[in-house]
Amino acid sequence: MSCCTVLFRLLAHATRDHIVRVANEAEFILNRMRADDVQKHAEFEASCYIAFYLSVMFLNSLQELLYFTLVFNFVLFVLN
């Protein structure tokens, strides 16, 4: 075996090992990013539910206020 052949084989093995390490690191980073995405999605979904609930409560309050205003105006109209 010539010296160049040995060097090329060593370089090929080193390159392959480096590619495997980089691929494993990339997989680790992607898995962590996926976990972060899942967590952020859950937080966003919860905040949407809270915002929707608060908007429904606000609209119900407005509806009650409108109803009592109408009743009050009717009472005033009847008393005059």
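Look up: the structure comes first, before these words.
How each quantity is defined
Residues numbered from 1 in each chain as written. Predicted model: local features only at pLDDT ≥ 70, side-chain atom pairs only at ≥ 80, totals over all residues. Heavy atoms only, no water. Helix = DSSP H or I, 4+ residues; strand = E, 2+ residues; numbered from the N terminus. Rg over C-alpha atoms; globule rule 2.2 N^0.38 Å. Areas by Shrake-Rupley, 256 points an atom, 1.4 Å probe, with all protein chains shown as cover. Lys, Arg positive; Asp, Glu negative; His and termini not counted. Charge placed at Lys NZ, Arg CZ, Asp CG, Glu CD. Salt bridge = Lys/Arg side-chain N within 4 Å of Asp/Glu carboxyl O. Buried < 20%, exposed > 50% of the residue type's maximum accessible area, 1.4 Å probe, protein only. Phe/Tyr/Trp six-rings, centres within 6.5 Å; stacked < 30°, edge-to-face > 60°. Disulfide = S-S within 2.5 Å.

(A) Highlighting the overall build of the protein chain. Secondary structure assignment for the protein chain yields one helix and zero strands. Against the globule reference of 12 Å for 80 residues, the protein chain gives a C-alpha radius of gyration of 34 Å, more extended than a compact globule. For the protein chain, the exposed area adds up to about 7700 Å²; of that, 72% sits on carbon and sulfur atoms. Placing the 6 positive and 8 negative side-chain charges of the protein chain at their respective mean positions leaves the two points 19 Å apart.

(B) Seen up close, the pattern of salt bridges. Summed over the entire model, instances satisfying the criterion amount to one salt bridge. For Arg16, the salt bridge is made with Asp17, and the minimal N-O distance between the two is 3.6 Å. When its relative accessible area of 49% is taken as the criterion, Arg16 is described as partly exposed. Taking the relative accessible area as the measure of exposure, Asp17 reaches 36% and is therefore partly exposed.

(C) Geometry of the packing of aromatic side chains. In total, this model carries one aromatic pair according to the counting rule given. A ring pair is formed by Tyr67 and Phe68, whose centres lie 5.5 Å apart and whose planes are at 65°; its orientation type is edge-to-face. You'll find Tyr67 and Phe68 in the same group, each marked exposed.

(D) Looking closely at the state of the cysteines. Applying the stated criterion to the full structure yields zero disulfides. Cys4 supplies the cysteine sulfur nearest to Cys3, a cysteine that is in no disulfide, at a spacing of 5.8 Å.

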